[in-house]
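Report on the structure
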Amino acid sequence: MKVAVINYCGTVGKTTIAAHLLAPRMGEARIYAVETINETAGDLGLDIEKMKGDKFGKLYKELLMSDNAIVDVGASNVTRFMAEMKKFKSAVHEIDLIVVPVVPQEKQQRDTISTLEWLAERGFDPKRIRVVFNQFANDGVSLVDAYSQIYGYLESTGNRAAYKPEAVVVSNELYDRVKGSGKTIRELAEDKTDWRAKRTEARAAGDLSGMEEAVDGQMNKDLAQTAQENLAEVWKIIGIGKK
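Residues numbered from 1 in each chain as written. Predicted model: local features only at pLDDT ≥ 70, side-chain atom pairs only at ≥ 80, totals over all residues. Heavy atoms only, no water.

**Concerning the packing of aromatic side chains**
Quick reminder of the rule: Side-chain rings of Phe, Tyr and Trp (the six-membered ring for Trp) are treated as a pair once their centres are within 6.5 Å; stacked means planes under 30 degrees apart, edge-to-face means over 60, and tilted covers the remaining angles. For helices the rule is a DSSP run of H or I covering at least 4 residues; for strands it is a run of E covering at least 2, with both sets numbered from the N terminus onward. The rule is simple: take the accessible area with a 1.4 Å probe, protein chains only, and divide by the maximum for that residue type; under 20% is buried, over 50% is exposed, in between is partly exposed.
This structure, assessed with the given rule, holds 6 aromatic pairs. On the basis of an interplanar angle of 15° and a centroid distance of 5.4 Å, the ring pair of Phe133 and Tyr151 is categorised as stacked. Remark: Tyr151 occurs in helix α7 (residues 148–157) and Phe133 occurs in strand β6 (residues 129–136); sequence separation between them is 18 residues. This pair shows no difference in class: Phe133 is buried, exactly as Tyr151 is. Taken together, the aromatic side chains of Phe133, Phe136, Tyr147, Tyr151 and Tyr163 make up a single cluster linked through ring pairs.

If you want it as structure tokens, here you go:
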């Protein structure tokens, strides 16, 4: 399975999707980060190959030789990447699934619509394009209202991408906490450290910094387990494991 994560806009969580949703569930899939400025999965401790958008020929050759791959196209390179991709007519058939994350902010929703339009113009099968609703606050505002622009677009066009049943990544502060930590959500969720015992030990020793470390460790583990459950559900909905 070869999966690309694409959006014209930054700050929609492409690397979150690649590193925390896809990579832990796609075995030995290589991650290709098409990015020169922003965070990549490599910043989360994952093994990646990083390249610029104008090196699509090199990437395409590696995709042709691979059975499993994740392509994380960063906002700083997406325009060049898409321009280069036009040169290779069969590229649309080599990518099995395109994941397009979208967040509630209005600009990001407009850019997501532009991304879906571009994918349609390139001839990508809409059944192989999956919208993922990312950073949903779950604060009482409905999904339809939170993502009203993209919902309206998808409902009116009818065939630009798969979006039902809705794959929803719920907002979780841990995604910000893990940035630059070299840790993934799965690693934190499966952490075997007894943080309660560590906290008790630090308290007895009067070790304030040790207590803070233990508290942070327990909070991160709790948040990671919640996020992991959510990501597992999203994985089932987008159906990669069934292909």
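**Topic: the pattern of salt bridges**
Note the cut-off: Salt bridge, as applied in this entry: a Lys or Arg side-chain nitrogen positioned within 4 Å of an Asp or Glu carboxyl oxygen.
Throughout the structure, instances matching the rule amount to 8 salt bridges. The salt bridge involving Asp111 is made with Lys107; its shortest N-O contact spans 2.6 Å. With Asp111 and Lys107 both in helix α5 (residues 106–121), this residue pair falls 4 residues apart, about one helical turn. Given a relative accessible area of 18%, Asp111 falls into the buried group. Residue classification places Lys107 among the partly exposed positions, given a relative accessible area of 46%. Residues Asp176 and Lys179 are paired through a salt bridge, measuring 3.4 Å at the closest nitrogen-oxygen approach.

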